[in-house]
Amino acid sequence: MKKHIHGGNVYQYQNCIDFSANCNPLGTPEGVKAAIAASLDHLADYPRVGCAPLKAAIANREQMQAEQIICGNGAAELIFSLCHAKKPKKALVAAPTFAEYEQALDSVDCEVEHFFLKEEEDFRITERILKNLLPGLDLVFLCNPNNPTGLLIDRELLTQILEKCTELGIFLVVDECFLDFVECPEEHTLKGMLEDHRNLFLLKAFTKRYAMAGVRLGYGLCSDERLLKRMEQMTQPWNVSTMAQEAGMAALKETEYVKEGRNLVFREREFLKEKMKELGLFCFPSQANYLFFKGPKQLFEACVSRGILIRDCSNYPGLGEGYYRIAVKKHEANEKLICVLQEVLKEESL
C-alpha cells in the first residue's frame, strides 16, 4: 500500500486556494454555522447516544426507516466500524480508489485483492470486474462515482455486480458520497435495492454535500439492522458530537443551497474541462465535482509555489507520477487555477 496522504491539508500548505478537497464550492451553509453556534450551550453535556433525532431527519430525507440508518464520525469511521463488525478474511478493492477502504481492511488483517482499472478504459469499472467476484470473497468496496477519477459505474453493470455478490454471499459496500454532484443521482443510487439485499451497504456523508469536513458526520444505509447494531458496538457511545448532530439536522433543511451548489458545479465543471483542454491537459471524463487529469511530474510543487493546492494522486495504488485531481470551485478561483496552469505549462515548454 502506498503512503497514506489526503487532500485538504491547508494547515501545511497555508495561503493556498485549496483545490485538493472536493466539497461543495459554496462553503458551509450559514444555517449550519448558526446551529453549531447554538449547540455550544450544551458543551458541558454528553452528546445524544444513538443520534435518534438526526436519524429521524435522515430517514425523512432518504425515505427510509430510521432503524436502517447508522451515523458516524464521518463516512470514514463507518468504513472502519463496518470492517470490524464483519471481519472479512478476503476483500476486493478497485485501484485507484479511496484509500480508507484498504486501510480499514488492513486493520482487521483482511487479505486485499485489487481490481486494477485501465487507463485505456478511462479508469472505469468495467465488466471485467465480474470475473473477480469469486467464491471465497467476503466483501467488495466500490465508490460511485469513483474517487479520484469521478467516473460513474454503469447502472446495469452495478446491478449485475450486486446480483452476483448476492448469489455468492459477498457483502457489497457502495460509497455514494459524491452522487450529490452528478446529474440525475436518483438514476445511479442503489437505495431502492436495499430492502431486498441485506448484503448491500451504502455510504453517505454530509462532508461533501454541505462542505462540513471539519464537523465529521456521515451515515450509512442498510436493511441488515443486526449488522448496524454490531457496528455501533464497534465505536464508543459518543462518537457523533452534539455539534455534529445539530449541524446535520440543520443541513438537511438546506434544499436551495444543495440545488445551487449542484448547478454551480455543473456549470464550472464544463468551464474547467474546456480550459484545460485548450491548455493541452488530458482530463478524464469526470461526472463528479472534481476533475482527474494528467500533467507534468512537478505540477504539484509548481502550483503550490503559486498559491494553488491540487491533489497529487501518485500515492493511489494503480497510479504513478503525473496524475492529479482538482475540485470544482467558484468561477473566480477556477480562473486563478487556469492562469497558474497556463504559467506552469509555459515554463515547461521553454
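Residues numbered from 1 in each chain as written. Predicted model: local features only at pLDDT ≥ 70, side-chain atom pairs only at ≥ 80, totals over all residues. Heavy atoms only, no water.

By definition, the strands of a sheet pair up through backbone hydrogen bonds, in either a parallel or an antiparallel sense. Spatial strand order, β9-β10-β13-β12: 4 strands in an open sheet with antiparallel pairing. The outermost strands of the open sheet, each flanked by one partner alone, are β9 (282-283) and β12 (311-312). Pairing of β9 with strand β10 (residues 290-294), which is carried by 2 bridges, proceeds in the antiparallel orientation. Counted as the bridge partner of F282 is K294 from β10. Contacts between helix α9 (residues 255-278) and the sheet are confined to β9, β10 and β13 (323-327), with β10 contributing the most and set at about 15° to the helix. (Pairing = 2+ DSSP bridges. Helix = DSSP H or I, 4+ residues; strand = E, 2+ residues; numbered from the N terminus. Contact = heavy atoms within 4.5 Å. Axes fitted to C-alpha atoms, helices over the stretch in contact; angles between N-to-C directions.)

If you look at the biggest cluster of nonpolar residues, it comprises 57 residues, and the most contacted ones within it are I125, I161 and F206. In terms of residue count, helix α5 (residues 155-168) provides more of this core than any other element does, 5 residues in total. Counting residues in each nonpolar core, the second largest holds 29 residues, with V112, L139, F141 and F171 among its members. (Core = buried A, V, L, I, M, F, W, Y, C linked by side-chain atoms within 4.5 Å. Buried < 20%, exposed > 50% of the residue type's maximum accessible area, 1.4 Å probe, protein only.)

Per the counting criterion, the structure on display carries 16 salt bridges. The partner of K191 in a salt bridge is E62, and the shortest N-O contact between them spans 2.8 Å. One end of the pair, K191, is in the loop between β6 (171-175) and β7 (200-205); the other, E62, is in helix α2 (residues 52-62), and 129 residues separate them in sequence. For K191, a relative accessible area of 27% corresponds to the partly exposed category. In this structure, E121 engages R128 in a salt bridge whose closest nitrogen and oxygen atoms are separated by 3.2 Å. Several salt bridges share partner residues, and in doing so they unite R61, E62 and K191 into one network. (Salt bridge = Lys/Arg side-chain N within 4 Å of Asp/Glu carboxyl O.)

Okay, the pairing of strand β8 (residues 218-221) next. Side chains G218 and G220 of β8 all project onto a buried face; the interleaved residues Y219 and L221 project onto the opposite face, where all are buried too. Summarising the sheet, strand β2 (residues 69-72) and β8 pair through 4 bridges and their orientation is antiparallel. Looking across to β8, one finds that C71 is bridged to Y219. Bridge count for β7 against β8 is 4 bridges, and the pairing is antiparallel. Bridged to A205 within β8 is G218.

Going through the model one piece at a time under the given rule, you end up with 15 aromatic pairs. On the numbers, 5.9 Å between centres and 85° between planes, the contact of F123 with Y323 is edge-to-face. With a gap of 200 residues between them, F123 in the loop between β4 (111-116) and β5 (139-143) and Y323 in strand β13 connect regions that are remote in the sequence. Classification of Y323 by relative accessible area gives buried; the value is 11%. Members of the aromatic cluster, connected to one another through ring pairs, are F123, F282, F284, F292 and Y323. When the ring centre of Y290 is taken as reference, the NZ or CZ atom of R325 above it lies at 5.9 Å. Over the ring of F19 we find K329; its NZ or CZ atom is 5.8 Å from the centre of that ring. (Phe/Tyr/Trp six-rings, centres within 6.5 Å; stacked < 30°, edge-to-face > 60°. Lys NZ or Arg CZ within 6 Å of the ring centre and 35° of its normal.)

This part is about helix α3 (residues 74-86). For an α-helix the count is 3.6 residues per turn, leaving residues at separations of three or four pointing the same way. With 13 residues, α3 should cover 18 Å at 1.5 Å per step; its first-to-last C-alpha distance of 19 Å lies within 8% of that length. Buried residues of α3: G74, A75, E77, L78, I79, S81, L82, C83 and A85, and no others. Positive backbone phi, approximately 50°, marks K87, located one or two places after α3. (Expected span 1.5 Å × (residues − 1).)

Our next topic: the sheet that holds β7. Overall, mixed pairing links the 7 strands, which are arranged β2-β8-β7-β6-β5-β3-β4 in an open sheet. Because the sheet does not close on itself, it has two edges, and the strands there are β2 and β4. The sheet shows a mean angle of 20° between the axes of neighbouring strands, direction not considered. On top of the sheet, α3 reaches β2, β5, β6, β7 and β8; it is set at about 155° to β7, its chief contact. Along the sheet, helix α7 (residues 225-233) makes contact with β2, β6 and β7, crossing β2 at roughly 20°.

We now examine a nonpolar patch on the surface. A cluster of nonpolar residues, Y46, V49 and W238, forms a patch on the protein surface that exposes about 370 Å² of accessible area. When you line up the elements, Y46 lands in the loop between α1 (30-39) and α2. (Patch = residues over 30% accessible without salt bridge, like charges linked within 9 Å, V, L, I, M, F, W, Y side chains within 5 Å. Areas by Shrake-Rupley, 256 points an atom, 1.4 Å probe, with all protein chains shown as cover.)

Glancing now at α5. If you check α5, its first and last C-alpha atoms are 20 Å apart, about what 14 residues at 1.5 Å a residue would give, namely 20 Å. For α5, the set of buried residues is L157, L158, I161, L162 and C165. Relative to the axis of α5, the buried residues are bounded by an arc of 140° and lie together on one face. More than 90 degrees from the buried face of α5, the exposed residues found are E156 and E167. Structurally, α5 contributes buried residues whose contacts are with β5, β6 and β7. Following α5 by one or two positions, G169 has its phi on the positive side, about 75°. (Arc of directions from axis to C-beta.)

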